Amino acid sequence: MIAVKNLSFTYPKGTQPVLQNLNFEISKGEIFGFLGPSGAGKSTTQQILYKLLTGYEGDVNIGGKSLDDWGKDYYETIGVGFELPNHYLKLTGRENLELFASFYAKARLADINTLFESVGLEDSIDKPVSDYSKGMKMRLNFIRAIMHNPDILFFDEPTSGMDPVNAHIIKEIILDLKKQGKTIFITTHSMSTADQLCDRIAFIVDGSLRVTDTPKALKHAHGQNQVIVELESLERQTFSLEGLGQNSGFIEFIKQGEVSRINSMDATLEEVFIKVTGKALKS
């Protein structure tokens, strides 16, 4: 659905490129994540893909068509959830969504009341957005991005400013959108968000991609080939996964009591990021 080849970009007054020869593809129905610290080039990449920035080098293909060949109809097929809330504060939540809904074909629009209910904002639908908290504004941002049933969604830090309950609601909706066949591109510095949502992730640092793979594969490849076995007595030992079923020490250990848990020693995504890039991931 999205194919990017040798993408580079330098801001008009910049002296150094902020993106350098990016290459990646995103399949239809895939959730793809860009992970990296602030200033790494995550948002710049998305802004090029939804045509906010021009003047890039390289090739960008969306839905089998060059990005340069898309006209205004492109915005019917994409939805964008920005990192920072951007609403008309004197208007109510309903009025904001009705205004933006007027930009799209009516046949594609979802019911506004249902959208507000889906993210727990039904009691605030007719309140001015100036009264909303940041988390509420982010949820309004989110439903504005999906209200016209787009095929491709871009989310920049989609759960920023939200409490755990509402962040969970947004993540569940994103996973449901994937089930509907939507193609979703997420940028974040939250490893837990990427781990929970993304089919594949790419680490971006200083405008360059360092590695692209599934979260599971990355954690396994950079972890230890061992398991920690803990008994209900809280006694624990570490064993190699290789030949575990024939390991006499392992067999004798689990005979000593009930096993409460067995945990693999895969690396965390943050550990992988540091190992691959040599940098800590910070917001």
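Shown above is the structure to which this text applies.
Residues numbered from 1 in each chain as written. Predicted model: local features only at pLDDT ≥ 70, side-chain atom pairs only at ≥ 80, totals over all residues. Heavy atoms only, no water.

Caption draft 1: Up close: the environment of Leu-115. For Leu-115, the location among the structural elements is in helix H4 (residues 112-118). When its relative accessible area of 8% is taken as the criterion, Leu-115 is described as buried. Once the C-alpha coordinates of Leu-115 and Tyr-56 are considered, the two residues, 59 residues apart in sequence, prove to be 35 Å apart. Apart from the residues lying within four places of it in its own chain, the contact partners of Leu-115 are Leu-97, Ala-110, Ile-143, Ile-146 and Met-147. (Helix = DSSP H or I, 4+ residues; strand = E, 2+ residues; numbered from the N terminus. Buried < 20%, exposed > 50% of the residue type's maximum accessible area, 1.4 Å probe, protein only. Contact = heavy atoms within 4.5 Å.)

Caption draft 2: How the structure looks around the sheet that holds strand S11 (residues 224-231). Strand order in the open sheet formed by three strands is S12-S11-S13, and the pairing between neighbours is antiparallel. Of all the strands in the sheet, just strand S12 (236-240) and strand S13 (259-265) have a single pairing partner and so form its edges. Direction aside, the axes of adjacent strands within the sheet are offset by 20° on average. Looking at chain direction, S11 and S13 are connected through six bridges and run antiparallel. The residue of S13 that forms the bridge with Ile-228 is Asn-263. (Pairing = 2+ DSSP bridges. Axes fitted to C-alpha atoms, helices over the stretch in contact; angles between N-to-C directions.)

Caption draft 3: Focus on the packing of helix H5 (residues 134-146) against helix H6 (residues 164-179). Packing of H5 against H6 leaves a shortest axis separation of 11 Å and a crossing angle of 10°. Classified by the angle between their axes, H5 and H6 sit roughly parallel to one another. Within the contact between the two elements, H5 uses Arg-139, Phe-142 and Ile-146 and H6 uses Asn-166, Ile-170, Ile-173, Ile-174 and Leu-177. For the contact of H5 with H6, the class distribution of residues is six nonpolar, one polar and one charged. (Parallel < 35°, antiparallel > 145°, perpendicular 65-115°, else oblique. Nonpolar A, V, L, I, M, F, W, Y, C, P; charged D, E, K, R; others polar.)

Caption draft 4: How the structure looks around helix H3 (residues 93-101). All buried positions along H3 are accounted for by Gly-93, Asn-96, Leu-97, Phe-100 and Ala-101. Within H3, the buried residues cover an arc of 130° as seen down the axis, which keeps them to one side. On the buried face of H3, the contacting elements are H4 and H5. (Arc of directions from axis to C-beta.)

Caption draft 5: Highlighting the packing of aromatic side chains. As enumerated under the stated definition, the model contains 18 aromatic pairs in all. Seen from their ring centres, Tyr-50 and Phe-82 are 5.8 Å apart, and the 85° between their planes marks the pair as edge-to-face. Residue Tyr-50 is located in the loop between helix H1 (42-49) and strand S4 (57-62), and its partner Phe-82 is located in the loop between strand S6 (78-81) and H3; the two are separated by 32 residues in the primary sequence. For Tyr-50, a relative accessible area of 7% translates into the label buried. The interplanar angle of 80° and the centroid separation of 5.5 Å between the aromatic rings of Phe-239 and Phe-250 together place this pair among those described as edge-to-face. Placement of Phe-239 in strand S12 and of Phe-250 in helix H9 (residues 248-254) is noted, with a sequence separation of eleven residues between them. Each of the two residues, Phe-239 as well as Phe-250, counts as buried. Put simply, the rings of Phe-24, Phe-32, Phe-34, Tyr-50, Phe-82, Phe-154 and Phe-185 pair up and form one aromatic cluster. Its end group placed over the ring of Trp-70, Lys-65 keeps NZ or CZ at 4.4 Å from the ring centre. (Phe/Tyr/Trp six-rings, centres within 6.5 Å; stacked < 30°, edge-to-face > 60°. Lys NZ or Arg CZ within 6 Å of the ring centre and 35° of its normal.)

Caption draft 6: Representation of helix H10 (residues 269-277) within the structure. The complete set of buried residues in H10 reads Leu-269, Val-272, Phe-273 and Thr-277. Here the buried residues of H10 occupy an arc of 105° about the axis, which is enough to place them on one side. Taken together, the buried residues of H10 touch strand S3 (31-35), helix H7 (191-197), strand S9 (200-205), strand S10 (208-213) and helix H8 (215-221). Gly-278, located one to two residues past H10, shows a positive phi value of around 75°.

Caption draft 7: Looking closely at the nonpolar core. In terms of nonpolar packing, the biggest core is built from 43 residues, with Phe-116, Phe-142, Ile-146, Phe-155 and Ile-174 touching the most fellow members. When residues of this core are assigned to their parent elements, the largest contribution, seven residues, is made by H5. When near neighbours in sequence (up to four residues on either side) are disregarded, Ile-146 contacts Leu-115, Leu-153, Phe-155, Ile-173 and Leu-177. Leu-22, Phe-24, Leu-53 and Ile-152 belong to the second-largest nonpolar core, a separate cluster that totals 28 residues. (Core = buried A, V, L, I, M, F, W, Y, C linked by side-chain atoms within 4.5 Å.)

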